[in-house]
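Okay, here's what each chain looks like letter by letter:
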Amino acid sequence: MTRATSSAPSQRMLRVGEQVRAAITQVLQRGDVRDPLIEKTVISISEVRMSPDLKHATAYVTPLGVKDHDVVIEALNRNSKFIRGRLGPHLRQMKYMPDVRFRDDTSFDNYKKIDDLLRSPEVARDLSAEDGEDDN
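Residues numbered from 1 in each chain as written. Predicted model: local features only at pLDDT ≥ 70, side-chain atom pairs only at ≥ 80, totals over all residues. Heavy atoms only, no water.

1. With respect to the packing of helix 1 (residues 11-30) against helix 4 (residues 80-87)
Okay, so step 1: Close contact between helix 1 and helix 4 brings their axes to 10 Å; oriented N to C, the two are set at 110°. When the interaxial angle is binned, helix 1 and helix 4 end up roughly perpendicular. Taken together, the residues of helix 4 that come into contact with helix 1 (itself represented by Ala23, Ile24, Val27 and Leu28) are Ile83, Arg86 and Leu87.
Okay, so step 2: Looking at the contact of helix 1 with helix 4 residue by residue, the class counts come to six nonpolar, no polar and one charged. (Axes fitted to C-alpha atoms, helices over the stretch in contact; angles between N-to-C directions. Helix = DSSP H or I, 4+ residues; strand = E, 2+ residues; numbered from the N terminus. Parallel < 35°, antiparallel > 145°, perpendicular 65-115°, else oblique. Contact = heavy atoms within 4.5 Å. Nonpolar A, V, L, I, M, F, W, Y, C, P; charged D, E, K, R; others polar.)

2. A short note on the sheet that holds strand 2 (residues 56-64)
Okay, so step 1: If you trace the three strands from one edge of the open sheet to the other, you get 1-2-3, paired in mixed fashion. Two strands in the sheet have a free side with no partner beyond their single neighbour: strand 1 (42-50) and strand 3 (99-104). Taking each pair of neighbouring strands and ignoring which way they run, the sheet shows an average axis angle of 30°.
Okay, so step 2: Two elements, strand 1 and strand 2, share eight bridges in a ladder whose sense is antiparallel. (Pairing = 2+ DSSP bridges.)

3. Regarding the packing of aromatic side chains
Okay, so step 1: Tallied over the full model, the rule gives zero aromatic pairs.
Okay, so step 2: A cation sits over an aromatic face here: Lys55 above Tyr96, 4.3 Å from the ring centre. (Phe/Tyr/Trp six-rings, centres within 6.5 Å; stacked < 30°, edge-to-face > 60°. Lys NZ or Arg CZ within 6 Å of the ring centre and 35° of its normal.)

4. Re the pattern of salt bridges
Okay, so step 1: Tallied over the entire structure, the rule returns ten salt bridges.
Okay, so step 2: The partner of Arg49 in a salt bridge is Glu47, with the nearest N and O atoms 3.1 Å apart.
Okay, so step 3: Since its relative accessible area comes to 47%, Arg49 is described here as partly exposed.
Okay, so step 4: Between Arg119 and Asp115 there is a salt bridge whose closest N-O contact spans 3.0 Å.
Okay, so step 5: Residue Arg119 is classed as exposed on the basis of its relative accessible area of 64%.
Okay, so step 6: A single salt-bridge network, built from bridges that share partners, covers Asp35, Glu74 and Arg78. (Salt bridge = Lys/Arg side-chain N within 4 Å of Asp/Glu carboxyl O. Buried < 20%, exposed > 50% of the residue type's maximum accessible area, 1.4 Å probe, protein only.)

Here it is in structure tokens:
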């Protein structure tokens, strides 16, 4: 009997991803990472995606108040082994401690583009034209 495959993450992957996100957040908030760039930057972790075997975690982060996100992402990836070591007490229930990779979260940029598009004069004109048709 073959098992159906899907591209959607399983409930377990989502649950573990949320636990890893919370653990990484605690490590960064406590200031355990002794990198000057990471210490002085406020970092928002929006999501952690786990691999199906739960051995790899990809954390999507947004450094707040920083123009060049790549420098902060590079610093986080440089310290990823140290961060992985600090996750142990928070994730004791896991059989394997996941390797953590950090990626820039571009979803906020996408949301801003959509918001700008919805606020554009062309869309407002089209919406007002539709409202006028409903009155007839």
